[in-house]
Amino acid sequence: MDQPDRSIIIADDHPLFRQALKQSLSLFMADTRWLEADSADTLEHCLNHHPDVDLILLDLQMPGSHGYSTLIHLRSHHPAIPIMVISAHEDSQTVAKAMHYGAQGFIPKSAQPQQLADALQRVLEGDIYLPQGMENLNEAQRDDDDIGARLAELTPQQYRVLQMFAEGLLNKQIAYELAVSEATIKAHATAIFKKLGVRNRTQAVIALQGLDMDNRPV
């Protein structure tokens with residue numbers, strides 16, 4: 001049997017939406033292998049097993065994600081994989097920030113399947129895709145957020161530990177989940193605090209939460 005020409009990850013936490021996307025896009029994009037992720041963790045796991053994927057279709061709001069944080073992390077550690085953000089938020093601020101943090105394209109969830117397929121094809125070909133009317137987003141609209149640059153410096157393991165801090169887990173619980181010692185978690189914490197320019201877990205979590213979609217300007 002012939003192998004698919006390309007592989008695309010659909011990263012969204014709603015199974016019905018992922019299924020609907022696969023079914024509709026398959027009509028326009030034959031010879032595509034569709035992979036799925038329902039959280040930031042499963043997305044990272046999927047990338048570890050399929051590092052040669054051609055594109056990630058990313059929802060900004062999934063379990064384990066804090067708005068733009070997953071996009072920033074992916075852009076830092078998987079720079080060769082283009083990312084198309086798909087979101088229910090269609091305001092110019094959300095689009096501008098997504099592009100600022102490294103997305104190659106942005107499309108609203110309200111888009112028709114043909115439009116989405118065309119957008120994915122353009123990004124796969126190396127182009128940038130933006131919704132109609134937003135092709136010339138003013139650079140001044142984009143916040144040069146220092147926390148984004150700092151977050152990009154975290155290693156994948158440090159980023160995972162930070163996510164678990166945000167979930168309220170204790171060092172002992174994190175060590176158990178990651179199968180490492182508490183001393184290792186403390187070492188990760190020290191490195192995280194230094195890279196983020198904070199003093200403790202609370203400040204680190206607040207910095208991460210600053211990237212949440214709920215904190216975007218109205």
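Residues numbered from 1 in each chain as written. Predicted model: local features only at pLDDT ≥ 70, side-chain atom pairs only at ≥ 80, totals over all residues. Heavy atoms only, no water.

Caption draft 1: Focus on the environment of P113. Locating P113 in the fold gives a position in helix α5 (residues 113–124). Since its relative accessible area comes to 30%, P113 is described here as partly exposed. The sequence separation of P113 and L27 amounts to 86 residues, and the corresponding C-alpha distance is 8.9 Å. Ignoring any residue separated from it by four or fewer positions in sequence, one finds P113 in contact with S24, L25 and F28. (Helix = DSSP H or I, 4+ residues; strand = E, 2+ residues; numbered from the N terminus. Buried < 20%, exposed > 50% of the residue type's maximum accessible area, 1.4 Å probe, protein only. Contact = heavy atoms within 4.5 Å.)

Caption draft 2: Representation of the pattern of salt bridges. All chains considered together, the criterion is met by 6 salt bridges. The partner of E36 in a salt bridge is R18, and the shortest N-O contact between them spans 2.6 Å. Of the two residues, E36 is situated in strand β2 (residues 32–37) and R18 in helix α1 (residues 15–26); the sequence distance between them amounts to 18 residues. Residue E36 is classed as partly exposed on the basis of its relative accessible area, which comes to 34%. Classification of R18 as buried rests on a relative accessible area of 10%. Two residues, R160 and D41, come together in a salt bridge whose shortest N-O distance is 2.9 Å. On the criterion of sequence distance, the pair formed by R160 in helix α7 (residues 156–166) and D41 in helix α2 (residues 40–49) is long-range, its members being 119 residues apart. Assessed through its relative accessible area of 17%, R160 is described here as buried. Owing to a relative accessible area of 32%, D41 belongs among the partly exposed residues under this scheme. Through salt bridges with shared partners, a single network forms among D12, D59 and K109. (Salt bridge = Lys/Arg side-chain N within 4 Å of Asp/Glu carboxyl O.)

Caption draft 3: Spatial organisation of the pairing of strand β3 (residues 55–58). Where burial is concerned, the two faces of β3 agree: the one with L55 and L57 and the one with I56 and L58 are both buried. Here strand β1 (residues 6–11) runs beside β3; their pairing, made up of 4 bridges, is parallel. Counterpart to I10 in the pairing with β3 is L57. In this sheet, strand β4 (residues 83–87) lies alongside β3 in parallel orientation, the contact comprising 3 bridges. Pairing of L57 across the sheet is with M84, part of β4. One crossover worth recording links β3 to the parallel β4 by way of helix α3 (residues 69–77), and it is right-handed. (Pairing = 2+ DSSP bridges. Right-handed = clockwise from strand over helix to strand, strands pointing away.)

Caption draft 4: Structural detail: the packing of aromatic side chains. Applying the stated criterion to the full structure yields 2 aromatic pairs. Summarising the aromatic geometry, the rings of Y68 and Y101 are spaced 5.6 Å apart at their centres and angled 45° between planes, so their arrangement reads as tilted. Of this pair, Y68 sits in the loop between β3 and α3 while Y101 sits in the loop between α4 (92–100) and β5 (105–108), placing them 33 residues apart in sequence. Across the pair, exposure class does not vary: Y68 and Y101 are buried alike. Arranged with centres 6.4 Å apart and planes meeting at 35°, the rings of F165 and F193 form a pair that is tilted. Placement of the pair is F165 in helix α7 and F193 in helix α9 (residues 182–196), with a sequence separation of 28 residues. With respect to class, F165 is no different from F193; both count as buried. In this arrangement the basic side chain of K109 is found over the ring face of F17, its NZ or CZ atom lying 4.6 Å from the centre. (Phe/Tyr/Trp six-rings, centres within 6.5 Å; stacked < 30°, edge-to-face > 60°. Lys NZ or Arg CZ within 6 Å of the ring centre and 35° of its normal.)

Caption draft 5: Spatial organisation of unusual backbone geometry. The backbone phi angle of D31 is positive, close to 60°, even though this residue is not glycine. Tracing the sequence through the fold places D31 in the loop between α1 and β2. Unusually for a residue other than glycine, A179 sits at a positive phi of about 60°. Along the polypeptide, A179 turns up in the loop between α8 (171–178) and α9. Given the relative accessible area of 70%, A179 is considered exposed.

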